[in-house]
Every structure is written in structure tokens, then in C-alpha cells.
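# Analysis of the macromolecular model
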Amino acid sequence: MSEPILKVEKLDKSFGAVQVLHSVDFSVYPGEVTALVGDNGAGKSTLIKCIAGVYSMDAGQVYFEGKPVHIHSPAAASALGIEIVYQDLALADNLDITQNMFLGREIKFGPFNLDGRMEAKARETLTSLSVRTVSSVRQLVANLSGGQRQTVAIAKAVLWNGKVVILDEPTAALGVAQTKQVLDLVRRLADSGIGVVLISHNMNDVMQVADRIDALFLGRIAAEVMKKDTNTSQIVELITAGRSGNIGLSADTAAQSA
């Protein structure tokens, strides 16, 4: 097994008197899809926002490429190579695909945007991901389907040399055909050597593309299991009860958490 590209150790996070994350350990490996699953309120979004520099950590340490790092802002996370595609995608409908991919990071010569270079790089990135669902990088985002929008958001993360790409519910609002397109893209990202984190409530999606699965139960990692060694029923049990058979939190810890 390769060393994790991103490793979180003993992460605690509280909001006032409410402790949301309890001594969380979480790792992401290059070339793998790590699914982060858990019920609403389990702490998935809080964990990701700590990694992204949106929230500060109360305790714990993050390692990136084997070195301890302090991620104090989203810009610092992006500079390391951690890119997050949130559920709302953060795309501007009134701009085209190229303009969205370079929004806030335009290639300039003096005061002028170098549109040709940006268009070429946008097209090159989509081609490298084997994206065939987008006919032109000058299409307005407003005219794209949900699956195409998700593709553009993912390509934007890859464009900026993302080494870890975190996807928050990428198929939540998609139909069957669009879901397959996005999941195929997620798999291709991992196959290209990127460490991918997939946050999802859809167990079919998780079992289709994940290599390993981390189950969060009320702010604690109940278990990390390899997809090949588990099944949907076991994952659901880890999500809802914190343990399944002899895997997961101790009975006392699970009961205290609940």
C-alpha cells in the first residue's frame, strides 16, 4: 500500500459546548477513491471544512505528502493541491465553461485576459479527463445539464493541479445516465493518480467506485474498510449503529455517542 497523500490524526472540533468531531483519523491515498459516509449530522461536512481551512481545528494534525501542514484558509488548502467541489458547485450561470474554470485565476498579460490560452487549457483539461459530453468550452453554464455542470466543476479542480479532490454529493441531483457519467469521471480521476474523496449518501454509488470506505458515526470514525471486504448492509449498519459484528466502535463508545 502506498503512503497516504493526505492524513488527518486525532482531529477534534467543537462549536460552543457541542463536540462535533471526536479524535478523527482519516487518510486519502493517491490513485484511490475514499468514500466518506455517514448519516446527517455525523460530521462529514465539518471534517471536510477543517481539511479545507474553512474551520480551524481544536486539536489534531494534518499531514500532506508526509509533511505536517497547517491549513488556515481555503487558499492555503488550494495551494497544497487540495480542491473541493461543493454540492452547489459554485459555478456562474452567466459565464461560459472557460470563464468558470478560470474565474478569479485568469491568465493575464498586463490588464488583459489571454482568452485563447485559457480556452486551450480548459479544452486540454477536459480532454485529459476523457470528457465527451461537452461540445464546446464556450457554452454558457446556464445551458448545461446537471451532469455537465458537475463535470465542469470537477475539471476546474483538476485544472489547478489538484492532488486531492473532494467531491460533496456529486450525483445528488442527477438522473441515471448523468450519474453514470459522473461516476465514470470519478473513477478516471483516481486512475490518473489523484486521491479522490467521495461524500455520498448513495450506497450504490459508493459500492460502484470506492476503493475504501470510512464510516462516520456521530463524530467518530466507526471503521475504515476496503470495499472488496464489505457489503452494503455492513456499511449501513456502521452508519446507523457505529458497529457491525466485530467491526466498528466498541459497544460502550457507540452507546455513549448515541
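Parameters and conventions
Residues numbered from 1 in each chain as written. Predicted model: local features only at pLDDT ≥ 70, side-chain atom pairs only at ≥ 80, totals over all residues. Heavy atoms only, no water. Helix = DSSP H or I, 4+ residues; strand = E, 2+ residues; numbered from the N terminus. Rg over C-alpha atoms; globule rule 2.2 N^0.38 Å. Buried < 20%, exposed > 50% of the residue type's maximum accessible area, 1.4 Å probe, protein only. Areas by Shrake-Rupley, 256 points an atom, 1.4 Å probe, with all protein chains shown as cover. Polar contact = N/O pair within 3.5 Å; in protein donor to acceptor, adjacent residues only side chain to side chain. Contact = heavy atoms within 4.5 Å. Axes fitted to C-alpha atoms, helices over the stretch in contact; angles between N-to-C directions. Parallel < 35°, antiparallel > 145°, perpendicular 65-115°, else oblique. Left-handed = near helix turned anticlockwise from the far one by under 90°. Nonpolar A, V, L, I, M, F, W, Y, C, P; charged D, E, K, R; others polar. Pairing = 2+ DSSP bridges. Salt bridge = Lys/Arg side-chain N within 4 Å of Asp/Glu carboxyl O.

The next subject is the overall build of the chain. Along the chain, the regular secondary structure elements total nine helices and 14 strands. Taken against the 2.2 N^0.38 rule, which gives 18 Å for 258 residues, the C-alpha radius of gyration of the chain at 19 Å falls within 12% of a compact globule. Projected onto its principal axes, the C-alpha coordinates of the chain cover approximately 60 × 40 × 35 Å. Within the chain, the proportion of its 258 residues that are buried is 50%. Surface summary for the chain: the accessible area is close to 12,000 Å², and the carbon and sulfur share equals 50%.

What follows covers the side chain of T125. Among the structural elements, T125 can be located in helix 4 (residues 115–128). Within polar-contact distance, the side chain of T125 engages the backbone oxygen of K121 at 2.9 Å. Every residue in contact with T125, bar those within four places of it in the chain, is listed here: M101, A155, V158 and L159.

Orientation of helix 5 (residues 146–159) relative to helix 6 (residues 176–191), taken along the N-to-C sense of each, is 15 degrees, at an axis distance of 8 Å. In terms of orientation, helix 5 and helix 6 fall into the roughly parallel class. Crossing hand, helix 5 versus helix 6: right-handed. Packed against helix 5, whose contacting residues are G146, G147, Q150, T151, I154 and V158, the element helix 6 presents Q178, V182, L185 and L189 at the interface. Here the contact of helix 5 with helix 6 is composed, by residue class, of five nonpolar, five polar and no charged.

All right, on to the sheet that holds strand 12 (residues 220–226) then. Across the sheet, which stays open at both edges, the six strands sit in the order 6-9-10-3-11-12 with mixed pairing between neighbours. Of all strands in the sheet, those bounded by a partner on one side alone are strand 6 (82–85) and strand 12. Across this sheet, the average inter-strand angle for adjacent strands is 20 degrees, counted without regard to direction. In terms of strand pairing, strand 3 (residues 33–38) meets strand 11 (residues 212–217) through five bridges, oriented parallel. Within strand 11, the residue paired with L36 across the bridge is D214. Packed on one face of the sheet, helix 5 meets strand 6 and strand 9 (164–168) and runs near 170 degrees to strand 6.

As a further point, take the pattern of salt bridges. Within the structure shown, the criterion is met by 14 salt bridges. A salt bridge links D93 to R149, with the nearest nitrogen and oxygen atoms 2.9 Å apart. Separated by 56 residues along the polypeptide, D93 in the loop between strand 6 and helix 3 (97–101) and R149 in helix 5 bring together distant segments of the chain. Of the residues examined, D93 reaches a relative accessible area of 38% and is grouped as partly exposed. A salt bridge links R138 to E119; its shortest N-O distance comes to 3.0 Å. Residue R138 is located in the loop between helix 4 and helix 5, and its partner E119 is located in helix 4; the two are separated by 19 residues in the primary sequence. Classification of R138 by relative accessible area gives partly exposed; the value is 31%. Taking relative accessible area as the criterion, E119 reaches 21% and is therefore assigned partly exposed.

Pairing within the open sheet is antiparallel, and its four strands lie in the order 2-1-4-5. Unpaired on one side and paired on the other, strand 2 (18–28) and strand 5 (67–69) mark the two borders of the sheet. Averaged over all adjacent pairs, the angle separating strand axes in this sheet is 30 degrees, with direction ignored. The strands touched by helix 1 (residues 44–51) are strand 1 (6–15) and strand 2; relative to strand 1, the strand with the most contacts, the crossing angle is about 115 degrees.

In an α-helix, one turn spans 3.6 residues; hence positions three or four apart end up facing the same way. Within helix 1, six of the eight residues are buried, leaving the element largely enclosed by the surrounding structure. G53 sits one or two positions beyond helix 1 and adopts a positive phi of about 85 degrees.

In this section: unusual backbone geometry. Only a minority of non-glycine residues have a phi that is not negative, and only a minority of peptide bonds are not trans. For K10, which is not glycine, the phi torsion reads 55 degrees and is therefore positive. The residue K10 is located in strand 1 in this model. A positive phi is found at E169, a non-glycine position, where the angle reads about 50 degrees. Secondary-structure assignment places E169 in the loop between strand 9 and helix 6.

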